[in-house]
Amino acid sequence: MFLVVLSPLAQPAVAQEGGLSGPSSTAADLTPGDGLTNPQFRSDFPRNALPGFYAWKDGLAERGVKLGFDYLALGQWSDSDLGSGNASSGIARFFGTLAAGGGHSFTFKIENRQAYGSVAPQFFGFDGGAVSITGTAFNDSGTILTNLFWTYRNPDGRFTLQAGQIDVTDFLDVYGLVSPYTAFQNLAFNTNPTINAPNPGLGIAAGVALGSNFYAVASIADANADPSEPDTRVFSDGETFKSLEIGYTSGQDRIYFDNIHLTVWQSDASEELDRAEDYGAALSASWFIDNTWMPFIRYGVSEGTAALYERSLSTGIGWYGRNTDVAGLGLNWAEAKGFDDTQFTAEAFYRFSISPGLQITPSVQYISDPLLDTSQDDILLVGLRARVLF
């Protein structure tokens, strides 16, 4: 099956070639500073260190081919009484877009995700006794195909068509601080943890602008997708994930800067994967005040879920400073299936943007009343993430 997407609105520069794109998309990865500001760096490492390489890239960009290579590493340490006490992982990514003219383009992203030790950060919370994904995307999945799709975007930006291998979390329930590569690391503050979003795969989606401020987006994707072994099983099993989002934004170029939206979703049961049918709804509101402050509040609820939580409420604020430095503080309250108690999570981070190609992000996470080990009152976790972009 192929994926078709109708983009609701013209989006910031990061999304012009990517259709329906959020801060974790390939389009955003190709734009310094998340597309949120116009950074003025005092240095330009690694461009100054590799002038020939960047001259070659600039020449390709003039012909409509934009390429990016990056490597991300994340280390985390906790004081939990359980588990290994530390986790680390790295992600190597190669991605790009090709503008084919007439509103047509192609997008690809290939990743290799490897744990450095016995535990990857994505599962470090469980290792320590909490129902918590403390390092979203930093797992040990090996080589995966995240994106491989064609895009048509009409001249006025009121709709976009995409077909191919797409990660629905690039556009599903996004806001400015959603990316685990550049902002929060805990899933509680990424794509809503009550949504059983599928892995990157094939599907169908549509969106349309409803006037100058409102939009609607619908999607259907393979509920059983495995990006490490892309295939067309959705043709035979018909088990799909569906979503519908209706939202309000302050303007066509502020789609994930200023955004209030409601998302409803449903995922089919799978006998092969022993997964029951599940469904739910999520509400998100965030606003980019003076292009500096981004307060947010996000709520989700689900039933019969294979998602992380049945109910989740997150709130917090982001701050954008010099040269796209970013600080964030998030608070989350959640209920998980099969547990009578609730769990509280807090995360604070500061992303130092040393140059367009180098970011360092220390972080602290605090988990109160970890659900998997009631003998512990809380868990403190510190992390350090680095990203080098070429």
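For every chain, the first residue of the written sequence is number 1, and numbering continues from 1 along that sequence. Side-chain atom pairs in this predicted model are given and counted only at pLDDT of 80 or more, local residue features only at pLDDT of at least 70, and totals for whole chains, interfaces and linings cover all residues. Calculation of side-chain values draws on the structure's entire complement of heavy atoms; hydrogens and water are dropped beforehand.

If you look the protein up in an unreviewed UniProt entry, it shows as Porin from Ruegeria profundi. UniProt positions are given in the numbering used here, feature names are shortened, and annotations may be inferred rather than shown by experiment. As its UniProt record puts it under Sequence similarities (unreviewed entry), the protein is described as follows: "Belongs to the OprB family."

A. How the structure looks around the nonpolar core. The term nonpolar core refers to a set of buried residues drawn from Ala, Val, Leu, Ile, Met, Phe, Trp, Tyr and Cys, joined through side-chain atoms within 4.5 Å. To sort residues, take the accessible area from a 1.4 Å probe on protein chains only and compare it with the maximum for the residue type: under 20% means buried, over 50% means exposed, and anything in between is partly exposed. Core analysis: the largest hydrophobic core is formed by 32 residues, its most contacted members being Phe 171, Tyr 175, Leu 177 and Phe 184. Strands here are runs of E lasting at least two residues and helices are runs of H or I lasting at least four, both read from the DSSP assignment and numbered beginning at the N terminus. The set of elements that each furnish at least two residues to this core consists of strand E7 (214-222) and strand E11 (293-303). Per-element tally for this core: the top contributor is E7, with three residues. Ile 133, Leu 187, Leu 308 and Leu 371 belong to the second largest nonpolar core, which has eight residues in total.

B. Highlighting the packing of aromatic side chains. Under the pairing criterion, centres of Phe, Tyr and Trp rings, with the six-membered ring standing for Trp, must be within 6.5 Å; the plane angle then separates stacked pairs below 30 degrees from edge-to-face pairs above 60, leaving the rest tilted. Inspection of the entire model under this criterion finds 18 aromatic pairs. Seen from their ring centres, Tyr 256 and Phe 257 are 5.1 Å apart, and the 25 degrees between their planes marks the pair as stacked. Both residues of the pair, Tyr 256 and Phe 257, belong to the buried class. An angle of 15 degrees between the planes, with centres 6.0 Å apart, marks the rings of Phe 257 and Phe 288 as stacked. One end of the pair, Phe 257, is in the loop between strand E8 (240-249) and strand E9 (259-267); the other, Phe 288, is in the loop between strand E10 (278-286) and E11, with 31 residues separating them in the sequence. Grouping residues by exposure puts Phe 257 and Phe 288 together as buried. Ring pairs connect the aromatic residues Phe 53, Tyr 54, Trp 56, Phe 69, Phe 94 and Phe 108, which therefore count as one cluster.

C. Focus on the layout of surface pockets. Lining residues are defined by having an atom within 4 Å of a point belonging to a cavity or pocket. Those points lie on a 1 Å grid over the protein atoms alone, cavities being sets where a 1.4 Å probe fits but cannot get out and pockets being open sets with protein on both sides within 12 Å along at least five of seven lines. Grid points are joined across faces, edges and corners, and a volume is the space filled by probe spheres set on the points. Volume-wise, the largest pocket comes out at about 1100 Å³. Lining the largest pocket are 44 residues, with Gln 122, Ala 197, Pro 198, Asn 199 and Pro 200 sitting closest to its centre. Those elements that provide at least two residues to the lining of the largest pocket are strand E3 (104-115) and strand E4 (142-153). For the lining of the largest pocket, the element with the most residues is E3, which contributes three residues. Taken together, the residues of the lining of the largest pocket break down into 21 nonpolar, 15 polar and eight charged. When residue character is reported, Ala, Val, Leu, Ile, Met, Phe, Trp, Tyr, Cys and Pro are called nonpolar, Asp, Glu, Lys and Arg charged, and the others, Gly included, polar.

D. Up close: the pattern of salt bridges. Salt bridges are defined as contacts in which a side-chain nitrogen from Lys or Arg sits within 4 Å of a carboxyl oxygen from Asp or Glu. Inspection of the entire model under this criterion finds eleven salt bridges. A salt bridge links Asp 29 to Arg 387, with the nearest nitrogen and oxygen atoms 3.9 Å apart. With a gap of 358 residues between them, Asp 29 in helix H1 (residues 26-29) and Arg 387 in strand E16 (residues 378-389) connect regions that are remote in the sequence. This pair shows no difference in class: Asp 29 is buried, exactly as Arg 387 is. Ionic pairing is found between Asp 268 and Lys 242, a salt bridge with its closest N-O pair at 2.8 Å. Taken together, the positions of Asp 268 in the loop between E9 and E10 and Lys 242 in strand E8 put the pair 26 residues apart, joining distant regions of the chain. A relative accessible area of 18% places Asp 268 in the buried class. Look at Lys 242 and you get partly exposed, because its relative accessible area is 27%.

E. Broad picture of helix H2 (residues 51-62). Taking 1.5 Å per residue, twelve residues should reach 16 Å; H2 reaches 16 Å between its end C-alpha atoms and fits that length. Contacts between residues were defined by any pair of non-hydrogen atoms, one from each residue, lying within 4.5 Å. The elements touched by buried residues of H2 are strand E1 (65-78) and E16. One or two steps after H2, the chain reaches Gly 64, where phi turns positive at roughly 95 degrees. Helices are assigned an expected span. That span is 1.5 Å times one less than the residue count.

F. View of the pairing of E8. At least two bridges found by DSSP between two strands are what make those strands a pair. Relative to E8, E7 runs antiparallel, the two sharing nine bridges. Bridge pairing in E8 places Phe 214 opposite Tyr 248. Relative to E9, E8 runs antiparallel, the two being bridged by nine bridges. Paired with Gly 247 across the two strands is His 261, which belongs to E9.

G. Representation of a nonpolar patch on the surface. There is a patch of nonpolar side chains on the surface, built from Trp 77, Ile 289, Trp 293, Ile 317, Leu 329, Leu 331, Phe 344, Val 364, Tyr 366, Leu 380, Val 382 and Leu 384 and spanning about 990 Å² of accessible area. Mapped onto the nonpolar patch, the elements with two or more residues apiece are strand E13 (326-335), strand E15 (358-368) and E16. Locating Leu 331 in the fold gives a position in strand E13. Note on Leu 331: relative accessible area 36%, which makes it partly exposed. To count toward a patch, a residue needs a relative accessible area over 30% and no salt bridge; like charges are then connected within 9 Å, while nonpolar side chains (Val, Leu, Ile, Met, Phe, Trp, Tyr) are connected within 5 Å. Only the protein chains shown count as cover for residues, with accessible areas throughout obtained via the Shrake-Rupley method and a probe of 1.4 Å.

H. Fine view of the environment of Ser 375. Its location among the elements puts Ser 375 in the loop between E15 and E16. Residue classification places Ser 375 among the exposed residues on the basis of a relative accessible area of 60%. For Ser 375 and Thr 240, which are 135 residues apart along the polypeptide, the C-alpha to C-alpha distance reads 39 Å.

I. Quick look at unusual backbone geometry. In this structure, Asp 290 is a non-glycine residue whose phi angle is positive, near 55 degrees. Within the secondary structure, Asp 290 is located in the loop between E10 and E11. Of note, the phi angle at Asn 291 is positive, near 50 degrees, even though the residue is not glycine. Mapped onto the elements, Asn 291 comes out in the loop between E10 and E11. Looking at Asn 291, the relative accessible area reads 36%, which means it is partly exposed.

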